[in-house]
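As a plain string of letters, each chain reads:
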Amino acid sequence: MHLGSLLLPALLALPLAAHGGQSSGDLVAAAAAAGRPPECSARTSRAIARGPTVWERARAPDLPRYCDLLARGQAQLGGNPEAARESARLADQILPGHAAPQVLLARAALALGSPGDAARAFDRARHIDPRSVEDPPTLHDLARSLARTGKRDEALAMYRALVPRIDLLGTADQRALVLLEAAHLSMATAGAAAGAAAATTAAGAKPQGGARGEGARADLDEAIAYLREARQRSQSQLARDVTLSLALALDRAGDRAQADAALEGEVAGAAPEATRARAADPHAGAAARARAAGQQAGSAARAADPHAGAAAREHAADDLASAAARLRSVDYLAVPEDRLALEALALERTSAAAAIARWEAYLSGAGGEGPWAAAARARLEALRKGAGGGGPRPARAPRERVAAPTRPGGAP
């Protein structure tokens, strides 16, 4: 048994112990409270109702304005990060020397596409108060800024701290995105370790105790564990991305059969399984259960009808193909060339020719010199022989479809 298969269950058990089995609403409220700087936190219910006392105002007359600016900046982050940055600067001028304005500056810089500025502001905040980055949304932005400035090991440590707390994030998409980013970062770390081991071997030296090779396998197992956790959770708009990423990680781990099963299962059975789960959910409303039961009956009827079943599989395959188009706008990848590998996997079941072209592009670029080149060549050769990916169907004209709008973060 490898490290990754043991690490994730242990990590995911932490939130329940830490929060005493709180409901999801309580967890989200706790996350929001955790993001409030200590100098702005009300100490008693009286203070929440009445605001600061005369003595508190006398000690820090500018504190209310400072806290208002920080609260406004937090609210502005999602829609107007430039305004959030300005609020942070004003707050820092009013009450200098605190970590919270630096955290807000960092998060605004990341939202504006400046991970270097974000990393520097996070460093200033952590120097002032190491606990200032502990709430989940801030920790997520810190991890992303570290990953995007090349500090992969430190970024991966932040993701390992964040994963046990992902239920504190507000949406299924946010939770899936964290697991995708953590998985791809683990896969990139595995690739670097595998590459270092290969270089050492090529130079005629022996890797000490196989440590690098074992480290690469542990990181790859960790990536697979993150992706399996993401797949088991509630479906999000990133579900297809999770499936493709899981297939890629499994293939690179040498488990071609499971990689193909992940892709084939997405085409053949993912939707009926989700329908059965909704129908059996005791917490679902009566109307929702009835609708799910109807969908389950429809799925059973289609399964009995070979023509309807084929049409359903064709539709699911189209969904995977459309995922290839969406991959051009995602930002969870730690290694840019992996976009081509994911596109190739998405197309293997609908257009062998297009999949071959993607694998060739991957191998002609940085991927051809990387640690996963052999795995990519094996899939390419199997496709060329007509036996890869469970036997890809001949290329066919794609259905006419309207392009789905994309949101920041790559989700459709």
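So, a few notes on the structure that sits alongside this text. (Residues numbered from 1 in each chain as written. Predicted model: local features only at pLDDT ≥ 70, side-chain atom pairs only at ≥ 80, totals over all residues. Heavy atoms only, no water.)

### Comments concerning the nonpolar core
What tends to happen in soluble globular proteins is that the nonpolar side chains get buried as a cluster. Counting 78 residues, the largest nonpolar core has Tyr66, Leu70, Leu142, Tyr159, Leu345, Trp359 and Tyr362 as its most contacted members. By residue number, the principal contributor to this core is helix H11 (residues 172–202), which donates 10 residues. Sequence-distant contacts of Tyr362, defined by excluding residues within four places in its chain, comprise Arg252, Glu337, Asp338, Leu340, Ala341, Gly367, Gly368, Trp372 and Ala376. (Core = buried A, V, L, I, M, F, W, Y, C linked by side-chain atoms within 4.5 Å. Buried < 20%, exposed > 50% of the residue type's maximum accessible area, 1.4 Å probe, protein only. Helix = DSSP H or I, 4+ residues; strand = E, 2+ residues; numbered from the N terminus. Contact = heavy atoms within 4.5 Å.)

### With respect to the packing of helix H18 (residues 338–347) against helix H19 (residues 352–364)
Running from amino to carboxyl end, H18 crosses H19 at an angle of 165°, the nearest separation of the two axes being 8 Å. Judged by the angle between their axes, H18 and H19 are roughly antiparallel. Of the two possible hands of crossing, H18 and H19 adopt the one that is left-handed. Across the interface between the two elements, Asp338, Leu340, Ala341, Glu343, Ala344, Leu345 and Leu347 of H18 pack against Ala352, Ala354, Ala355, Arg358, Trp359, Ala361 and Tyr362 of H19. Across the contact of H18 with H19, the residue classes tally to 11 nonpolar, no polar and three charged. (Axes fitted to C-alpha atoms, helices over the stretch in contact; angles between N-to-C directions. Parallel < 35°, antiparallel > 145°, perpendicular 65-115°, else oblique. Left-handed = near helix turned anticlockwise from the far one by under 90°. Nonpolar A, V, L, I, M, F, W, Y, C, P; charged D, E, K, R; others polar.)

### Some remarks on the side chain of Glu222
If you trace the backbone, Glu222 turns up in helix H12 (residues 211–232). Given the relative accessible area of 3%, Glu222 is considered buried. At a separation of 2.7 Å, a polar atom in the side chain of Glu222 contacts the side chain of Tyr226. (Polar contact = N/O pair within 3.5 Å; in protein donor to acceptor, adjacent residues only side chain to side chain.)

### Quick notes on the pattern of salt bridges
If you walk through the whole model with that rule in mind, you get 22 salt bridges. A salt bridge links Glu154 to Arg126; the shortest N-O distance between them is 3.2 Å. Here the residue Glu154 occupies a position in helix H10 (residues 152–162), and Arg126 occupies one in helix H8 (residues 115–128), the gap between them amounting to 28 residues. The exposure class assigned to Glu154 is partly exposed, which follows from its relative accessible area of 32%. Residue Arg126 is classed as partly exposed on the basis of its relative accessible area, which comes to 23%. For the salt bridge of Arg358 with Glu343, the shortest nitrogen-to-oxygen distance reads 2.7 Å. Here Glu343 lies in helix H18 and Arg358 lies in helix H19, a separation of 15 residues in the sequence. With relative accessibility at 19%, the residue Arg358 sits in the buried group. Residue classification places Glu343 among the buried positions, given a relative accessible area of 4%. When salt bridges with common partners are traced through the structure, they connect Asp251, Arg256, Asp260, Glu264, Glu348, Arg349 and Arg379 into a single cluster. (Salt bridge = Lys/Arg side-chain N within 4 Å of Asp/Glu carboxyl O.)

### Let's talk about the state of the cysteines
Under the counting rule described, the total for this entry stands at one disulfide. Disulfide pairing places Cys40 opposite Cys67 at an S-S distance of 2.0 Å. Measuring the twist about the S-S bond at about -95°, one finds the Cys40-Cys67 disulfide to be left-handed. Residue Cys40 is located in the loop between helix H2 (24–34) and helix H3 (45–50), and its partner Cys67 is located in helix H5 (residues 63–76); the two are separated by 27 residues in the primary sequence. In this structure, Cys40 and Cys67 share a single accessibility class: buried. (Disulfide = S-S within 2.5 Å.)

### Thoughts on the packing of H5 against helix H7 (residues 99–111)
At their nearest, the axes of H5 and H7 sit 11 Å apart, and the two run at 20° to each other. Between H5 and H7, the angle is such that the two are roughly parallel. The handedness of the crossing between H5 and H7 comes out as left-handed. Residue-level inspection shows Tyr66, Leu70, Gly73 and Gln74 of H5 in contact with H7, the latter providing Ala100, Pro101, Leu104 and Arg107. Looking at side-chain class alone, the contact of H5 with H7 contains five nonpolar, two polar and one charged residues.

### A look at the environment of His140
Looking at where His140 falls in the secondary structure, it is placed in helix H9 (residues 136–148). The class of His140 is buried, set by a relative accessible area of 9%. Note: C-alpha distance between His140 and Gln174 (34 residues apart in sequence) is 9.8 Å. When neighbours within four sequence positions are excluded, His140 is seen to be in contact with Tyr159, Leu162, Leu177, Val178 and Glu181. Separated by 2.6 Å, the side chains of His140 and Glu181 make a polar contact.

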